[in-house]
Structures are given as C-alpha cells and as structure tokens.
Amino acid sequence: MRLGSGAFAACCVVIEVLGVALFLRGFFPAPVRSSSRAEQRAEPAAPEPSAGASSNWTKLPPPLFKKVVIMLIDGLRDDFVFGSKGVKFMPYTTYLVEKGASHSFVAEAKLPTVTMPRIKALMTGSLPGFIDVVRNLNSPELLEDNVITQAKAAGKRIIFYGDETWVKLFPKHFVEYDGTTSFFVSDYTEVDDNVTRHLDKVLKRGDWDMLILHYLGLDHIGHVSGPSSPLIGHKLREMDSILMKIHTSLLSEERETLVPNLLVLCGDHGMSETGGHGASSMEELNTALILISSAFERKPGDIRRPKHVQQTDLAATLAIGLGLPIPGNSVGSLLFPTVEGRPVREQLRFLHLNAVQLSKLLQENVPSYEKEPGFEQFKMSERLHGNWIRLYLEENNSEVLFNLGAKVRRQYLDALRTLSLSLSRQVAQYDIYSMLVGTVVVLEVLSLLLLSIPEALSNKAELEVPLWSPVFSLLFYLTLLVLSALHVIVCTSAESSCYFCGLSWLTAGGVMVLVSALLCAVVSALAKTFGDGKFLSKNPAHPKPRWSELDVLILLGTMGHVLSLGASSFIEEEHQTWYFLINTLCLALCHEIYRNCLLRDDSEPQQCPHVEEEFIRTAAALQDRSTGCDTLEPHGVSRSLTSLDTLRGYEKWMVLASPWVILTCCRLLRSLNQTGVQWAHRPDLGHWLTRGVIEARFVHVFVLGILFTGTKDLLKSQVIATDVTIKTVGLWEIYSGLVLLAALLFRPHNLPVLVFSLLIQTIMTKFIWKPLRHDAAEITIMHYWFGQAFFYFQGNSNNIATVDISAGFVGLDTYIEVPAVFLTAFATFAGPVLWASHLVSFLSSETSSGSALSHACFCYALICSFPVSAYIILVTSLRYHLFIWSVFSPKLLYEGMHILITAAICVFFTAMDQTNTKS
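Residues numbered from 1 in each chain as written. Predicted model: local features only at pLDDT ≥ 70, side-chain atom pairs only at ≥ 80, totals over all residues. Heavy atoms only, no water.

- The name given to the protein in an unreviewed UniProt entry is Phosphatidylinositol glycan anchor biosynthesis class G, with the source organism recorded as Canis lupus familiaris.
- Turning to the protein, the UniProt record has this under Sequence similarities (unreviewed entry): "Belongs to the PIGG/PIGN/PIGO family. PIGG subfamily."
- The Subcellular location (unreviewed entry) comment attached to the protein in UniProt states, word for word, "Endoplasmic reticulum membrane". (UniProt positions renumbered as here; feature names shortened; annotations may be inferred.)

Laid out in structure tokens, this is it:
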C-alpha cells in the first residue's frame, strides 16, 4: 500500500503518542501505600510497651482539643507571615507568633506544589505522586486513609467552606459545605467573600467539631499580578482580620467550657517570584504553619522561632489532637512542641503511637526493613519505653525516672525522624513493565521514520508501506509469541501493581500485535534502505552527495539539543540552548546571503552578481534526487530559477539586513521575560510594561496594529483569489484567527512577543526563504526552531510554575473545564502552534508542488520525535537521580504535551495535503 509521506508521518506520530502515554503512566509512580487500610481502622491501638509490668493504657488517648479550625490560605508563602510583609500587613498574626500562645513552623511542601496534592499531603500525611499535578484539574475522590475520614468515622461533625477541591476529595464527609471554584483566577474578592460570609453564624453555633476554611484570593492575585503586587498587602490584611475574628471567638468559647481549642493557620504551597507554583523553588516549597491554642501558653521571655518541618507532619499532629488513629499511609512525624506541655507518660504514648504506625508502613514497603536504621532505633526506643513504664508503675519518682524519660523521648524523636526519611525515599515505585512497552513503541516509530527518509523525501513523497507481508511473516508470529509469553510471566510474578498487566487481554494483545508489526516493518525498511545504499544521503543519485553548511548546522544543532537534555542545568536553562541555535541560524543565513550576493564561486568580489549558475548547476539534482525536497515556486510563476540580483532598491538592502534585524528582535525578546532558574529573579522589560497608563496604551497600539494587518491581508487575498488560492486564503484566515486568539490570551506585556513573531515571519518569508529558495525540509526545521525559541520568549520554562492558568479564563465568567484547559494549553504553546500554522499557510501559498506539505509533515514529525524518544531513554536511566522530580519529570510532562500537539499538527498537515492533491 502506498501512502503519502505526510500521512505516513501522521500515523507514526499518533502511534508514538500512545507509546508516550503508556510510558508516562508507568513512569509517574504510585507512592508508598499501606496494604491494609480497611483492617487498620478496625485494629485496636498499639498497647503501651512494658517490661515485666502490665500497662492499663491500651486505648487511644483522649482528644487534646475540643474544636479544631483549619484556616488554609492558598499560596501562603512563609515570608508573607514571618517576613516584612507579615509585620506590616498581618499585625495580629505577628503578635501571636512572637508573644501569643502559639507554635510557628515553616512547613516544607514536596513536589508537585499544586493544590490537590498538597491537600492530600496535609490530610493523609503521605507524599502524593507527581502525576497528581494532572489530576489537580479534576480531583477524584480520596480513598486513602486520612484525617477527615477518621474524624467522620469517630462521629466528628465537619463543616467546610472554600475551594471545591475538598468537596471532590471528600464527598459526603461534611455536614455542611459551600464550595468555590479554584481555577477562576481572575476573581480574588468574591471567592473569599463567599467563605467569610458564613463565619459569623457558624462561630456562634456549637454543633460542629471541625471547621475548615480554604481561602483562594491570595493565590489568584499571585497568578494574575505576582507576589509584588500591592493587592497582596490588602489581601494579607484581610486574612489577618479574619484570623483575629476566629481566634477571639474560640477564646470566648473556651472561657465557658474550660477546654482548649486549636486554630491552624497554614498554606498549601508557596508562590514563585512570577506568581505561579508547581515547581521546586524555595518560594514555592516553604509555607507558613501556625498552631494557635490556649494550651500553648508561653512564659515571659520565651522566644519561639519558626522551626522547619515537613508539611506531612500536620496529619499525625491533627490525629493526635483529635484523639484519632494516625492515617496508615502517613510518613510524617508528630509536631512535638504541641504536646511538650503534657505529662511525660502522655508524651511518650503519643510518640510511641506515631513510631508504631511508621514502622508498620516501613515493613509493608521495604523488604529489608529490619536493617533500616530507623527500625532499629524504634525497637531500642520501645525497649527503653518499657523500662520507663515499669519504673513509673512502681511509683518511682526519682531523678532516674526523669532522666530515663528524657532519654526515651530523644530516642523516639530520632527514630521518628529517621523512619520518616526512609519512607520518603521509598516514595517512587516505578511501573517498569509499562515504561518498557511504551519505550519500545516510541523507539520503533523513531526507527521507522529514520529509515523512511529516502522514500519520504523523494519528489513523489510516497512510501510503499507493506501492511500484509509483516502480518504473514514468521518474524511477526515469533515476536508475538515471545511477547505474549513475557506478558504472562511478568504479570503473574509482579509483586506490585502494573498498569499494562491490568489491561484486558484484548487491549494488551492489540498493543503486542502493534509492537510486533512495527518491528517487522523496521526490519523490512532496514533491509531495503541499506540494501539500496541510500540512507541519509542528501542526493543519492550522485556518488558524492553534498551537504550544505545550513544542512550541517541543522543536523548538529538538533543533535546538540538532544544531548544537552542529559544535564539538569541544561533542562532548567533550555531557553539558552534555543536562543543560541536561532542566533547561530541567523548568522549562517547571513553568511549564505552575503556569499551569494557579494562573491562568485571563484571568490572574486562583485556587486550583487547573478547567482543563477549555482542554481542551474544543482537544478538537475534537485529534480530527480530521491531524498530531496521541493524548492519554493510561487503559484503562477515560471519554474525558472531567479537570482538575488533581480532584487532592486530597498528589497536588496532588506535581504542583506534581514538576518541582523531578526537578531535584534530576538535580543529584545530575550530581555522581555527572564525565565529558567538562574536569572528568573532579575528584572526584565515585562515588569516595566505591566506598570503605568502609558505602557498600557502601547499595548492597545499593538493590538490595533495586529487587527489592521490581519484585515488588510484578508481583504487582499479575497481580491486576488482564484480557484487555486481558495484554500490558501482559508489557511491564512485560520492563521490570522490563531494570532488574534493569542493576542487575546497573552498578558499585555507579552504582546510584543506576538508582534516580533509576525515581523520575523514576514522578514524571513519575503527576504530569506523566497530569494534563497530553501527547500521545504530546511524551512520546516527553521519554523520548528523558531517555534521552540518563542515558547521561551513568552516567559515559559520547563517549570510547571510558569504555566499561566489565568489565560484559561479570558472571556469566561465561570469555570468550564474543556474551554479553560484548551485556552491554557494554547496560551502556553502559542509559539510552536503559530509557527507551525504559518508553515502550513506559507508552503500552501508559495509552492506549486504537491509534495512540499508532505515533506514538511514528515520532517516536522521526525524532528519532534527524536528528542522525545531520546528523553524517554534518558529519564528511564536517571529515574533515581536527585533531581528526577524537580527537573526531569516536569520536562517529561512538557515533552508529552508537545508530542500530542505535534500529532495534531501532523494530522492538520495531512488534511491540507490531501486537499491540495485533490485540487
């Protein structure tokens, strides 16, 4: 069966998307979990250890607090409370921290620093998987053991107001709730007013035990305006007044009941210097955590500085404070300052319960748990604890009992710290089998694309794709048999859950058939390609193919970029790689223009001479080379090759100056948005453009200029439209629509990125690609390079925190998931999408050959598949790297999204190519 190279490439990329999806499903692991959640709830509490004496304390300790109020402020960075902003805008909170009955902590969150995983960490004490960053968009019910479920089972009455993520995680857990949409970031006033309006009534009532408030306004201000916005101070002052209202009400109630209550002020994550979150900067990881209760009275002169703890420690602390079992999957430790005022026996009892829970979790997840230092410390602590109980029950109040109690306490705290650290290291349990199957599919697709280069880039742009011969070959059946046997062996012997093993036999069998067929196709293409001896030949029709300097640059640049992904620093600063590549490309184009304009082949200077000889010399090879691509030939124009000296006046000088103009534009764009990690904190032009009325008027001028240019082009295309150009006009209309959509979604300071993109595309179209007559492959790769560079010019990075989710709500007055996700994705990847759309429109309007789009589709698929395939192999080998979650995993998510967009682009290419063929 013969397929066009574009259709073939589109099919390959769609298959590659399936492989990448399977790999991602295996790579983002399930965190450590207790295997007996249901049994744990029914199990009695661990008895108090004893040595020769029988203890009468076999039940859970009674609650320490009557009521618990959790006030969670989304995006509450630690310096917003403990820094200068806290002193200025939160005076009451600052008083409680410095002199009040409270304990203050800097709670460190783990990746990913987005809301839903952080709520899970706070309530379960476990470390959520990195893939929860995707589930954050639509949170499923939390089935894992947690404080909320334990409290409900114990008959606690829970009321919630705020982020509806809690309602999705804990359905039917609240006796009363009012959820607000968390993703509508343009609203930072009403979203908090909808929480506060319930306070006056609910604080006067006594029919609840636990009140949870989740305020979103601070986080929304960060997304829209950043942490330096004046609105941050106003919001912190509002939160401080609400905290004072709640605390005052709880104190007045305590005077009547004489039982202490607990008020918890905390954040789920921090906020980067640009206002986003999701990554691993200190500003995103460190959050404020303050526990306020009359039980924490301090003596005069008692200075309590904020201590650094883990965010997961709150779950164990809340469970102890409410008299509940500690969640079975918790890896956190009890915040000991909250119980240090209790009698020694109670302190040791709380520490023992926490240590028993952590040791059980360690036994279920670490085969050699007995050799773990934390487990050995726990056993030693338990023995010493038993000796202390024996002395205590003998009513021995000597100094020996006091000293032994202090020693047991230190031993328990050391054991808890070590156990928690050991469990945190065991967070990743990769699904290696699913990863391996996905990798094989991706590598087979890449191999097939590479081996198909000679046929795919021929003038016919067609390939002979054998569909039936692999299916009836012996290799196919042998491979399928071996894969089936391996599947049975792996799935029956796997100790942990495996996604691919959980698929139905029909689905798993289909994947194995696909893998076998791809292998046979690769072997067939390999034999054919090397049998003909024309692999990677620029011009196989000639014995000595000649690669141009531009071809060598493109090859070396692509290979260099792929190799650079092996270093975490290069991933964090990948924008520098693309800036370097496009600058080098501009210099190479400048060299090519000047050589063709100013020098003959014999190196004699001339005043922009005729270069037709060079084109005539290669014309024959271009027409019949089997790996060549079509040069640009405008519709209705003679196929005879023109030269640069036909340009006159300003056009000639624009050709000579165009590379330098593009370099200047790129340099200005680099200064617009500081991105990456090393220099993200430095001021840029974007900060200047977001301030002041005059700068805003410049933005309006940019928008009007875009509208005028698009309207003019559309009217001009309608006037000169013919049968051949109807499709071209439609493509330019689509492109213009995407440009206008980007202008609508971009933040005002980013509109110059769009303007410079249009300017560079115009300059390269009129003064580089047309006069120099680059072939479709070279033009495609240039579009790809500039698209990647403009992704970073927008201020994006390989950091989840730079995703601007506010773009998803432009024109929406409420949260609607599908359009919000689409708009956010488009705004993030607007650079690559706009350059790919321009490529389709340009090739359709400037070439008369029907194979140009097929060549472009194939080249685009190949250059996108290569880094994805290489990166999958890389992260597999580095899956235990120190920066696997902070650096490599976010980049993997971006690559997965990029290959999905590439598949959509290739399908669009193919559709346009089929339309071109029919016409």
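Alright, that's what it looks like, and here's the rest.
### Notes on the UniProt feature "transmembrane region" (unreviewed entry) in the protein
Item 1. Under the present numbering, the feature "transmembrane region" (unreviewed entry) in UniProt falls on residues 7-28, 432-453, 465-490, 502-531, 729-746, 815-836, 857-880 and 892-912.
Item 2. Spanning residues 7-28, this segment combines 95% helix with 0% strand, and its end C-alpha atoms are found 32 Å apart. (Helix = DSSP H or I, 4+ residues; strand = E, 2+ residues; numbered from the N terminus.)

### Structural notes on the sheet that holds strand β4 (residues 158-163)
Item 1. Pairing within the open sheet is mixed, and its 8 strands lie in the order β5-β4-β6-β2-β7-β8-β3-β9. Two strands bound the open sheet, and with one partner strand each, they are β5 (176-180) and β9 (307-310). Averaged over all adjacent pairs, the angle separating strand axes in this sheet is 15 degrees, with direction ignored.
Item 2. Here 5 bridges tie β4 to β5, and the two strands are oriented parallel to one another. Among the inter-strand pairings, Gly162 is bridged to a residue of β5, identified as Gly179. (Pairing = 2+ DSSP bridges. Axes fitted to C-alpha atoms, helices over the stretch in contact; angles between N-to-C directions.)

### Some remarks on the pattern of salt bridges
Item 1. On inspection of all chains with the given rule, the structure shows 21 salt bridges.
Item 2. Salt-bridge contacts for Glu108 lead to Lys110; the nearest nitrogen and oxygen are separated by 3.6 Å.
Item 3. Relative accessible area serves as the criterion here: at 28%, Glu108 is assigned to the partly exposed category.
Item 4. In this structure, the salt-bridge partner of Arg157 is Asp209, at a minimum N-O distance of 3.3 Å. (Salt bridge = Lys/Arg side-chain N within 4 Å of Asp/Glu carboxyl O. Buried < 20%, exposed > 50% of the residue type's maximum accessible area, 1.4 Å probe, protein only.)

### Some points on the environment of Asp187
Item 1. Here Asp187 is to be found in the loop between β5 and α10 (190-196).
Item 2. Residue classification places Asp187 among the buried positions, given a relative accessible area of 18%.

### Side note on the pairing of β4
Item 1. For β4, the buried fraction is high: 6 of the 6 residues fall into the buried class.
Item 2. Inspection of the sheet shows β4 paired to strand β6 (residues 210-215) by 5 bridges, in the parallel sense. Each bridged residue has a counterpart across the sheet, and for Tyr161 the counterpart in β6 is Leu213.

### Section: the packing of aromatic side chains
Item 1. As enumerated under the stated definition, the model contains 28 aromatic pairs in all.
Item 2. On the basis of an interplanar angle of 40 degrees and a centroid distance of 5.4 Å, the ring pair of Phe27 and Tyr430 is categorised as tilted. Of this pair, Phe27 sits in helix α1 (residues 5-27) while Tyr430 sits in the loop between α18 (399-425) and α19 (432-451), and the two are 403 residues apart along the sequence. For the pair Phe27 and Tyr430, one class covers both residues: buried.
Item 3. With centroids separated by 6.0 Å and ring planes inclined at 80 degrees, the aromatic side chains of Phe791 and Tyr894 adopt a geometry described as edge-to-face. Here Phe791, found in helix α33 (residues 776-793), pairs with Tyr894, found in helix α37 (residues 884-918); they are 103 residues apart in sequence, far enough to count as distant. (Phe/Tyr/Trp six-rings, centres within 6.5 Å; stacked < 30°, edge-to-face > 60°.)

### Structural notes on a nonpolar patch on the surface
Item 1. Taken together, the side chains of Trp547, Val552, Leu555, Leu556 and Met559 make up a nonpolar region of the molecular surface, amounting to roughly 450 Å² of accessible area.
Item 2. Under the relative-accessibility criterion, Leu555 is labelled partly exposed at 45%. (Patch = residues over 30% accessible without salt bridge, like charges linked within 9 Å, V, L, I, M, F, W, Y side chains within 5 Å. Areas by Shrake-Rupley, 256 points an atom, 1.4 Å probe, with all protein chains shown as cover.)

### Points about the nonpolar core
Item 1. Counting 141 residues, the largest nonpolar core has Phe27 and Phe786 as its most contacted members.
Item 2. Broken down by element, this core gets its largest block of residues, 15 residues, from helix α36 (residues 852-877).
Item 3. Contact partners of Phe27, with chain neighbours within four places excluded, come to Tyr430, Met435, Val875, Arg879, Ile884, Trp885, Ser889 and Leu892.
Item 4. The next biggest cluster of nonpolar side chains, apart from the first, holds 73 residues, and it includes Leu72, Leu122, Leu322 and Leu423. (Core = buried A, V, L, I, M, F, W, Y, C linked by side-chain atoms within 4.5 Å. Contact = heavy atoms within 4.5 Å.)

### Concerning α33
Item 1. Its 18 residues give α33 an end-to-end C-alpha distance of 25 Å, which sits within 8% of 26 Å, the value for a rise of 1.5 Å per residue.
Item 2. At the N-terminal boundary of α33, the capping side chain belongs to Asp775, with an oxygen 3.2 Å from the backbone nitrogen of Ala777.
Item 3. Directly after α33, the chain includes Gly795, whose backbone phi takes a positive value near 100 degrees. (Expected span 1.5 Å × (residues − 1). Polar contact = N/O pair within 3.5 Å; in protein donor to acceptor, adjacent residues only side chain to side chain.)

### Examining the side chain of His561
Item 1. Within the fold, His561 resides in helix α24 (residues 549-564).
Item 2. Given the relative accessible area of 5%, His561 is considered buried.
Item 3. Not counting the four nearest positions on each side in its chain, His561 is found in contact with Glu574, Thr577, Trp578, Leu581 and Pro867.

### Notes on the packing of helix α12 (residues 217-225) against helix α13 (residues 230-257)
Item 1. Two elements in contact, α12 and α13, have axes separated by 10 Å at closest approach and are oriented at 180 degrees. Relative to α13, α12 is oriented roughly antiparallel. Packed against α12, whose contacting residues are Gly217, Leu218, Ile221, Gly222 and Ser225, the element α13 presents Leu231, Ile232, Lys235 and Leu236 at the interface. (Parallel < 35°, antiparallel > 145°, perpendicular 65-115°, else oblique.)

### Let's talk about the packing of helix α16 (residues 344-365) against helix α17 (residues 373-393)
Item 1. At a closest axis distance of 11 Å, the pairing of α16 and α17 adopts a crossing angle of 150 degrees. Between α16 and α17, the interaxial angle falls into the category roughly antiparallel. Of the two possible hands of crossing, α16 and α17 adopt the one that is left-handed. In this structure, α16 contributes Val344, Arg345, Leu348, Arg349, His352, Ala355, Val356, Ser359, Leu362 and Gln363 to the contact, and α17 contributes Phe375, Phe378, Glu382, His385, Trp388, Ile389 and Tyr392. (Left-handed = near helix turned anticlockwise from the far one by under 90°.)

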